[in-house]
Amino acid sequence: MKNRRFTIGNKILLGFSILITIFAANATYSIFTIDNSDQAIRQNREVVDPSVNTLNEFRHMVTRSKMLITNWVYMFGNTADQAKLDSLHRYNYPALRTELEDLSTKWANPKQQAEMDSILHSFDIALKTQKDEIMNRLTSFEDYEDSMIKFLAEDNLSSLILPQLDAVEQRLEALAKAKVEEKNEADMAQIAAFEQLSRFTIVLGIAVIVIGIAVALYITRSITRPIATIKDVVQKLGLGILPEEKSLKFSRDEIGEMAEAVEKLVSGLRSTSSFAENIGKGNYQADYQPLSKEDVLGNSLIEMRNNLEKVAEEDKRRSWATEGLAKFGDILRKNNDNISTLSDIIISNLVKYVKANQGGLYIVNDENENDKYLEMAACYAWDKKKYLEQKVYPGDGLTGQAWLEQDTIYLTDIPDNYITITSGLGEANPSSILIVPLKVNDEVYGLLEIASFNLFARHEIDFIEKMAESIASTLSSVKINERTQKLLEESTELTEQMRAQEEEMRQNMEELQATQEEMQRAQHDTQEKESIISNTNMMFEMNSQFKITVANRLACQTLGYSEGELQNVPFSSLILSEWQLTEIKAALEENLSWTGVLHLKNKKGKEVIAKISAGKLEDPVFQSVKYLIFASNISEIIENLGT
């Protein structure tokens, strides 16, 4: 059996037992005294004081009744006072009468009870007289104008009603005065009893002080020493200092419980401090248990950890999306000259970036406006034999439906045999499929279809949708560039043909110089050819200063000039870009021909895009130089490509 200890409670109990014994004697006498005065106090509190207050309120009501009934008689139209008097009759007085009747039944003096009943009866008569003689008779403007009714009302007021109310008021004053005297007598008796009790209490108080000091000195010595140790720990905690961990040994009493609580607090603060350091270092997975469900600091730290972890996760997602957009933006910029290469790079990098497993990129084939369809341009880990040559029309399957609706489709419940992800070890259905249209300006240029064993998060779907818009914009530009390049190649081929024709013409002209007859024949042939070229191409002939000496009719019509208006006009005035003219001159000075696209301007300053071939002609007879330019207008072709 464990030894029982003399706990703080026992020590204090011993001291208080002595004091309680002394207080018991005082209490016995006090109870006797208080019991005698309790009845009188209760009578004053519950009967006399409320009676005095209610009687005073009754007197005030009688006075107010006199004022209101007088106003009723002499002040027509004072509806506020009339309403107050009516409320006094209907509500205020009945409530007050009930209260007085309840209080009067508790009065010890039967005469006062009888007097109260008589006063109430008298006031009832006065109110009835008010009602019958004045309130019921003076109800309208005509009643006030009737001198007889007004006279009788004034007479009843002065000779009957006001005297009745004065008498009631005087009797109430006398009754209230009697109740006040009764209250004062009871108060004096209570004061005398409590003075005697006070003298007795002083004597006992001196005895209590002496004994209390002795007991306090004993208890203080047994309590303050261990308390001082605990106080030192608490003071350090108050300064933010965590005391060194050590075992505090105290007796098994309340001090021991305090010490255990302090040790638990210090240990909890150490754990809290370590947890806060982990949060500061970004370790949001650190384990921490609050001291209790009501641990404000611990729960606040956990909430702060959760909020910081959430913010860090959101920052991580934003950084991931930003880095991805930058990465794929760079890919789109560097590979915008070939759709096939761009598609392969985009789909492989996108599948890896979102940690998916398969992906395919479809592009709209709109070469035939009446037969548009999707064709797979690139894929990653896809069954190429099955899908590479497949055509998908609007509304065909999920891919065609996404194209038709121009909206994203995200599936997590994948039907069997819809698609499988295959590796060397086997195959399995994906957990999710994401189909995103490559859309910009409400026009779909293709679709992305990505399959993964993982589910796509919302931020990953948003990222892929943003990427789809960028890819669509790039595809639009690449398609335009490819079509432009194709047209330029066709234009170059036409230029080569024109150059060959020009060479043939030059050879013919040289042969015709041998004989006049052949020259005339060749000249005739040349004129016919020039006529053909002139009717299909713009032709400019310039002197050595690059001033126009001859411009055919098609050139004048295309640029908006009349025939002969371009005579001696510098060719530079028809060109938008000065550097192109410089490039042409440099090539021709080196006896080279120049072929390319030249941006001209017509008479109104509007741009005309032309595919030109320029060459240099030397006349050995006259030792002069002239320049010849053939041009075809490709503005309409470029414009169609742009749309």
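Computed from a predicted model, the values in this text were never measured in an experiment.

Peer 1: Where do I start with the pairing of strand β9 (residues 538-542) in this structure?
Peer 2: On a regular strand, one side chain projects to one face of the sheet and the next to the other, so that they alternate. Among the five residues in β9, five count as buried, and that is most of the element. Here β9 shows two buried faces, one formed by Met538, Phe540 and Met542 and the other by Met539 and Glu541. For β9 and strand β13 (residues 624-633), the ladder comprises five bridges, and the chain directions are antiparallel. If you follow Glu541 over to β13, its bridge partner there is Leu628. Here three bridges tie β9 to strand β10 (residues 548-551), and the two strands are oriented antiparallel to one another. Bridge pairing in β10 places Phe540 opposite Ala551.

Peer 1: Got a minute to help me understand a nonpolar patch on the surface in this structure?
Peer 2: A grouping of Met148, Phe151 and Leu152 is seen on the molecular surface, where their side chains present a nonpolar patch of about 310 Å² in accessible area. Inspection of the secondary structure assignment puts Phe151 in helix α5 (residues 147-238).

Peer 1: Teacher, can you tell me more about the packing of aromatic side chains here?
Peer 2: Given two aromatic rings, one states the distance between the centres and the angle between the planes to describe the pair. For the coordinates displayed, the defined rule picks out twelve aromatic pairs. Between the aromatic rings of Tyr410 and Phe456, the centroid separation amounts to 6.1 Å while the plane-to-plane angle is 70°, which identifies the pairing as edge-to-face. Here Phe456 lies in the loop between β8 (443-452) and α11 (458-512) and Tyr410 lies in strand β4 (residues 409-411), a separation of 46 residues in the sequence. You can call Phe456 buried: its relative accessible area is 7%.

Peer 1: Looking at this structure, how should I read helix α14 (residues 578-589)?
Peer 2: The α-helix advances 3.6 residues per turn, and as a result positions three or four apart in sequence lie on the same side. Here α14 contains twelve residues, and its C-alpha end-to-end distance of 17 Å stays within 8% of the 16 Å for a straight helix at 1.5 Å per residue. Among the residues of α14, Gln580, Leu581, Ile584, Ala587 and Leu588 are the ones counted as buried. Looking down the long axis of α14, one finds its buried residues gathered within 130° of arc, a one-sided arrangement. Just past α14, the residue Asn591 takes up positive phi, approximately 60°.

Peer 1: Please explain the sheet that holds strand β11 (residues 594-601) as it appears in this structure.
Peer 2: Adjacent strands of a sheet pair through backbone hydrogen bonds, lying either parallel or antiparallel. Across the sheet, five strands lie side by side as β10-β9-β13-β12-β11; this open sheet has antiparallel pairing. Two strands close off the open sheet at either side, each with one partner strand: β10 and β11. Here the strands of the sheet are splayed against their neighbours by 30° on average, with no regard to which way each runs. Of the strand pairs in this sheet, β11 and strand β12 (residues 607-619) are connected by eight bridges, and their pairing is antiparallel. Of the residues in β12, the one forming a bridge with His599 is Ile609. Of the strands in this sheet, β11, β12 and β13 are in contact with α14, which crosses β11 at around 145°.

Peer 1: Please explain the packing of helix α2 (residues 79-104) against helix α3 (residues 110-135) as it appears in this structure.
Peer 2: Axis angle and axis distance: for two packed helices, these are the angle between their axes and the distance between the axes, and together they describe the pair. Across the interface, α2 lies against α3 with an axial gap of 11 Å and an inter-helix angle of 170°. In this view, α2 runs roughly antiparallel relative to α3, as classed from their interaxial angle. Residues Leu85, Asp86, Leu88, His89, Tyr93, Arg97, Leu100, Glu101 and Ser104 of α2 lie in contact with α3, whose contacting residues are Gln113, Met116, Leu120, His121, Phe123, Asp124, Leu127, Gln130, Lys131 and Met135. Here the residues of the contact of α2 with α3 sort into nine nonpolar, five polar and five charged.

Peer 1: How should I be thinking about the pairing of strand β2 (residues 373-380) in this particular structure?
Peer 2: Sheet topology places strand β1 (residues 358-365) next to β2; seven bridges connect them, and they run antiparallel. In the sheet register, Ile363 faces β2, and the bridge partner there is Glu375. Pairing of β2 with strand β3 (residues 391-392), which is carried by two bridges, proceeds in the antiparallel orientation. Note on β3: the bridge partner recorded for Leu374 is Val392.

Peer 1: Please clarify how the sheet that holds strand β7 (residues 432-440) should be interpreted in this entry.
Peer 2: Ordered in space as β3-β2-β1-β8-β7-β4, the six strands form an open sheet in which the pairing is antiparallel. Among the strands making up the open sheet, the edge pair consists of β3 and β4. Alignment of β4 against β7, held across three bridges, turns out to be antiparallel. Residue pairing for β7: Leu411 is matched across the bridge by Ile433. Against the sheet, helix α10 (residues 397-405) engages β1, β2, β3, β4, β7 and β8, with an angle of about 140° to β8.

Basis of the calculations
- Per chain, residues are indexed from 1 in the order of the written sequence.
- Totals for whole chains, interfaces and linings use every residue, but because this is a predicted model, local features are given only for residues with pLDDT of at least 70 and side-chain atom pairs only at 80 or more, for both listing and counting.
- Values reported for side chains reflect all heavy atoms of the structure, with hydrogen atoms and water molecules removed beforehand.
- Between buried and exposed lies partly exposed: a residue is buried under 20% and exposed over 50% of the maximum accessible area for its type, with that area taken using a 1.4 Å probe on protein chains only.
- Helical segments are the DSSP runs of H or I of at least four residues, strand segments are the runs of E of at least two, and each set is numbered from the N terminus.
- When DSSP finds two or more bridges between a pair of strands, those strands are recorded as paired.
- Here the term patch refers to residues with relative accessible area over 30% and no salt bridge, with like charges joined within 9 Å and nonpolar side chains (Val, Leu, Ile, Met, Phe, Trp, Tyr) within 5 Å.
- In these tables, accessible area is a Shrake-Rupley quantity obtained with a 1.4 Å probe, and a residue counts as shielded only by the protein chains included in the view.
- One side-chain nitrogen of Lys or Arg within 4 Å of one carboxyl oxygen of Asp or Glu is enough to make a salt bridge.
- Paired rings are identified among Phe, Tyr and Trp, the last through its six-membered ring, by centres lying within 6.5 Å, and are further divided according to the angle between planes into stacked (under 30 degrees), edge-to-face (over 60) and tilted (the rest).
- In this scheme, a helix's expected span is set at 1.5 Å multiplied by one less than its residue total.
- Taking the helix axis as origin, the arc is that swept by the directions to the C-beta atoms.
- To obtain an axis, a line is fitted to C-alpha atoms, over the contacting stretch when the element is a helix, and the angle between two such axes runs from 0 to 180 degrees between their N-to-C directions.
- Here, residues are in contact when the closest pair of their heavy atoms is within 4.5 Å.
- Each angle is binned into one of four classes, with values under 35 degrees roughly parallel, values over 145 roughly antiparallel, values of 65 to 115 roughly perpendicular, and all other values oblique.
- By the convention adopted, Pro, Cys, Tyr, Trp, Phe, Met, Ile, Leu, Val and Ala count as nonpolar, Lys, Arg, Asp and Glu as charged, and the other residues, Gly among them, as polar.

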